[in-house]
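Structural features, examined
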Amino acid sequence: MSQEFTEQPQNKPCTGLEHLPLQYIYAMVFAMEEINRSSGLLPGVKLGYRIHDSCALHPWSTQAALSLVAGENSRCSAAGTGAGSGKGVPLIIGGSSSKTAIILSRVLGPLSVPLMSYQSSCPCLSDRRQYPNFFRTIPSDVFQAKAFAQMAIRFKWTWIGAVIADNDYGYVAVKVFEEEIRGAGICLAFVETLQRQKIVSDSIRAALAIQASSAKVILVFSWYTDVRELFVQLAKLNVTDRQFLASEAWSTSVGLLQNPATAKVAAGVVGVAIRSSPIPGFESFLRGLNPAERPDDGLLRQLWEMEFACSPVASNASSGGSSRSLPICSGSESLQKVDNHFTDISQLRVTYNVYLSVYAAANALHKLLSCPDAAAGNRTCSKPAADINPAEVLQHLSKVNFTTPQNEIFYFQGADIPAKYDLVNWQKSPDGQMKVVLIGRVNGFDLILNESAIQWPSDTGLFSKVPASVCSEICPPGTRKADRKGEPLCCFDCIPCADGEISNITGSLYCDRCPPEFWSNENRTACLPRQLDFLAFNETLGITLTTVAVSGTVVTSVVFVIFLHYRHTPLVRANNSELSFLLLLSLKLCFLCSLVFIGRPSVWACRFQQAAFGISFVLCVSCLQVKTIVVLAAFRSARPGGESLMKWFGPHQQRGSVCVFTSVQIIICSIWLSLDPPVPRPDLDLPGLRVTLKCAMSSVVGFSLVLGYIGLLACSCLVLAFLARKLPDNFNEAKLITFSMLIFCAVWVAFVPAYVSSPGKYSNAVEIFAILASSYGLLLCIFAPKCFIILLRPERNTKKHLMAR
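Below is a summary of the structure that appears in this document. (Residues numbered from 1 in each chain as written. Predicted model: local features only at pLDDT ≥ 70, side-chain atom pairs only at ≥ 80, totals over all residues. Heavy atoms only, no water.)

Considering the overall build of the protein chain
Broken down by element type, the protein chain carries 22 helices and 25 strands. Classification of the 805 residues of the protein chain by burial places 51% in the buried group. Put simply, the protein chain shows about 36,900 Å² of open surface, and 58% of that area lies on carbon and sulfur atoms. (Helix = DSSP H or I, 4+ residues; strand = E, 2+ residues; numbered from the N terminus. Buried < 20%, exposed > 50% of the residue type's maximum accessible area, 1.4 Å probe, protein only. Areas by Shrake-Rupley, 256 points an atom, 1.4 Å probe, with all protein chains shown as cover.)

Some points on the environment of Leu579
Inspection of the secondary structure puts Leu579 in helix α16 (residues 577–593). Residues Leu579 and Arg655 lie 76 residues apart in sequence; the distance between their C-alpha atoms is 7.9 Å. Among residues more than four places away in sequence, those in contact with Leu579 are Cys623, Val626, Lys627, Gln654 and Val658. (Contact = heavy atoms within 4.5 Å.)

Notes on the packing of aromatic side chains
Enumeration over the complete set of coordinates arrives at 32 aromatic pairs. Between Tyr169 and Trp223, the ring centres sit 4.7 Å apart and the planes meet at 15 degrees, which makes this aromatic pair stacked. Highlighted residues: Tyr169 in helix α5 (residues 168–181) and Trp223 in the loop between β9 (217–221) and α7 (224–236), separated in sequence by 54 residues. Overall, the relative accessible area of 30% leaves Trp223 in the partly exposed class. (Phe/Tyr/Trp six-rings, centres within 6.5 Å; stacked < 30°, edge-to-face > 60°.)

A closer look at the state of the cysteines
A full pass over the atoms with the stated rule returns eight disulfides. Two residues, Cys497 and Cys511, share a disulfide whose sulfurs are 2.0 Å apart. Around the S-S axis, the bridge from Cys497 to Cys511 shows a dihedral of about -80 degrees and counts as left-handed. Of this pair, Cys497 sits in the loop between β18 (492–496) and β19 (501–502) while Cys511 sits in the loop between β19 and β20 (512–513), placing them 14 residues apart in sequence. Considered together, Cys497 and Cys511 belong to a single accessibility category, that of buried residues. (Disulfide = S-S within 2.5 Å.)

Overview of the packing of helix α1 (residues 19–37) against helix α11 (residues 298–308)
It is the contact of α1 with α11, at a shortest axis distance of 12 Å, that shows an interaxial angle of 145 degrees. For α1 against α11, the interelement crossing comes out left-handed. Contact with α1, carried on its side by His19, Leu22, Ile25 and Tyr26, involves Leu299, Leu300, Leu303, Met306 and Glu307 of α11 and no other residues of that element. In terms of residue class, the contact of α1 with α11 is built from seven nonpolar, one polar and one charged. (Axes fitted to C-alpha atoms, helices over the stretch in contact; angles between N-to-C directions. Left-handed = near helix turned anticlockwise from the far one by under 90°. Nonpolar A, V, L, I, M, F, W, Y, C, P; charged D, E, K, R; others polar.)

Some points on a nonpolar patch on the surface
A contiguous nonpolar surface patch, about 230 Å² in accessible area, is contributed by Val200, Ile204 and Leu208. Turning to its location among the elements, Leu208 is positioned in helix α6 (residues 199–212). (Patch = residues over 30% accessible without salt bridge, like charges linked within 9 Å, V, L, I, M, F, W, Y side chains within 5 Å. Salt bridge = Lys/Arg side-chain N within 4 Å of Asp/Glu carboxyl O.)

Concerning the nonpolar core
By size, the foremost hydrophobic cluster in this structure holds 65 residues, and its most contacted members are Phe563, Met741, Phe744, Trp748 and Phe783. At the level of elements, α14 (540–565), α15 (570–573), α16, α17 (603–637), α18 (651–675), α19 (700–723), α20 (733–757) and α21 (762–792) are the ones that each hand at least two residues to this core. Here this core takes 13 residues from α21, the largest share from any one element. Those residues in contact with Phe744 that sit more than four places away from it in its chain are Phe617, Val621, Ile710, Ala714, Ser774 and Leu778. Residues Tyr118, Leu289, Leu369 and Val393 belong to the second largest nonpolar core, which totals 62 residues. (Core = buried A, V, L, I, M, F, W, Y, C linked by side-chain atoms within 4.5 Å.)

Things to note about the pattern of salt bridges
If you walk through the whole model with that rule in mind, you get 22 salt bridges. Salt-bridge contacts for Arg524 lead to Asp499; the nearest nitrogen and oxygen are separated by 2.1 Å. Residue Arg524 is located in the loop between β21 (518–520) and β22 (527–529), and its partner Asp499 is located in the loop between β18 and β19; the two are separated by 25 residues in the primary sequence. Judged by relative accessible area, Asp499 falls into the partly exposed class, the value being 44%. Each of the salt bridges in this network shares a partner with another, and the network as a whole consists of Glu192, Asp202 and Arg205.

Let's talk about the sheet that holds strand β8 (residues 187–194)
An order of β8-β7-β9-β10-β11-β14-β15-β16 is seen for the eight strands of this open sheet, with the pairing classed as mixed. Because the sheet does not close on itself, it has two edges, and the strands there are β8 and β16 (446–449). Going from strand to strand, the sheet's axes swing by 25 degrees on average, the running direction of each strand aside. Pairing of strand β7 (residues 159–165) with β9 involves five bridges; the strand directions are parallel. By the bridge assignment, Val163 is partnered in β9 with Val220. Those strands touched by α5 are β7, β8 and β9, and its axis lies near 155 degrees from that of β7. Here α6 sits on the sheet and contacts β7, β8, β9 and β10 (243–246); the angle it forms with β8, its principal contact strand, is near 165 degrees. (Pairing = 2+ DSSP bridges.)

Below you can see the structure in the form of structure tokens.
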């Protein structure tokens, strides 16, 4: 097969050489020469090629592609491999941009000519229905956008800004990024676009947005020329504390690395780069290039003129260029000591993609030209290499599966190859220069990252820890997230959990309520078992109430002794001394029953305390009731015709009445305690870590009947005593009973609302207070005046004085 090199078209305004694209070209040449020397790949077949420069113009690319397919030896655009001079090429390697690749694929699609790109990364080209003839050796941009999403999740960046190119490259990337971060609690703070036609104004706007935003991590999907202007504007604003995430379009840009504005603004950039891989022998090949050995190589001649400012001896005068005005080279010129982008093989990225493209094409041709029954190394197929059909190449290209010279498995998944990227970090070298350092790789959907090798930027310009980029700090345990109205989900407030609720993880959306037997700790991070609390004897309130109750018992006992000692005196004997002693005994029981309400509640204590309280007070009020009736009967019998009335209110009838009144309460208590008695139970309805253990009354009816019966007796006693208060006598006991029952009723009327509203153990304290207050009221009102006369005014303790009107 033949080969031909052409210069740049002379009839178009496109001049000069660029080192990196020239390296891509010679990578293809190197790969083809390597394949042509191989005995295992395409044995007996020599690959040829034609190389054209499109000058990055889409019309030129289309024109060149059609001329290559037609077999014309025209000076157009595109790059390709062909079966020979004068014949249409079966495959084109070209489309240095996605837009060019889309145009070429649509043009070549009806002709079934395969198009293989080494730099077109638009995800749209993966659509086999629209681009069935398209292949590429660079991953789709989808994968680098997904890699950035994984990185944001890994480093807990939840508030990220984005600056993108105002085209499909930027819009598709940010769309994929948003899809990947959806549900991960990550938001985009802003999205700014850069348009090539108005790059300065767009860069100023984007720089101001970055400066104003609280986002510390900025994702940039744009071309390196646009990023360069953005960094210039950021340097003017002195924005130096942002962490930039670089797309492959600028992550390894030498022009940016050498820009002074970049060193000030973009230290610590983390980026995704096209995978780099060494090509054995390629450096020797490049440095060994010499126009003397390749007299037809017009591109090599132009490189020689540009590097050494002389014209090679072996150049053709007809090739054009500027060689006529340059001196003839001495022949000692060599690329061995030349250091530029053309000879730099430290990072072969796009270059390696070109190399892979050639090997993919060669393996497809090998599959096409080989016969399954042929012996190894021998071509026995009858199909001549000159009659290769592009459609057959397309068919076999989609099925290639081979091992590259670098021992990597290569195959296509539709139009794409398995995604592989390098992860790079911009770091400052000791001499202050920026350099690109490999920190990890992307292999498909896997992110492999060496975090310890990363240098991060900080606001002081020094390299620090992983920067934080959040709209709101993550909520600590003990709080929950509360969205801010009208703001993104990443902007929220942290609300402390309510009492009895906890959150034991960071960033909790809600607080969990503790089980009834547990309560939240002070930090609202854990549920603790609730501690039982009750009115104990050893606490201040318990000691006070116990002291008061015991004092009341002692005072009652003292009164009892006084009355017992002076039992024969008229004052004691008046109004039935037997009832007075029974009343003192019942008052003593009232004081003592209050002690049952103090201490840890037990089953029997709960049953006994209400029964003792109810029966003691009924006994007490019954004595007063009978006393009042006796007073009324005594004065009634003193009237004419009432002599027989006292027969019905003798001592036996009085004792019987007290027993009957008390028996009713005993029956009520017995029925209540046998059917549904109070039981010790923690009051879990009240908030707090300490929960009151109290006697829970399942039956409110029983307790209401006990209180109601006491109230009924007290009210009737009050009415009778009130009616008898003005009966003529020097010492009318009805007056004392009236005052005592007024106090008694007032205390117990106030008791009901206070008891209901008192929390926990204080409800017991309220009931004890009511018992003690009413007991002291009865004791003092009835017996204090009598004790005063007995002890201090004995002259008034006579029958004559008592009977005086």
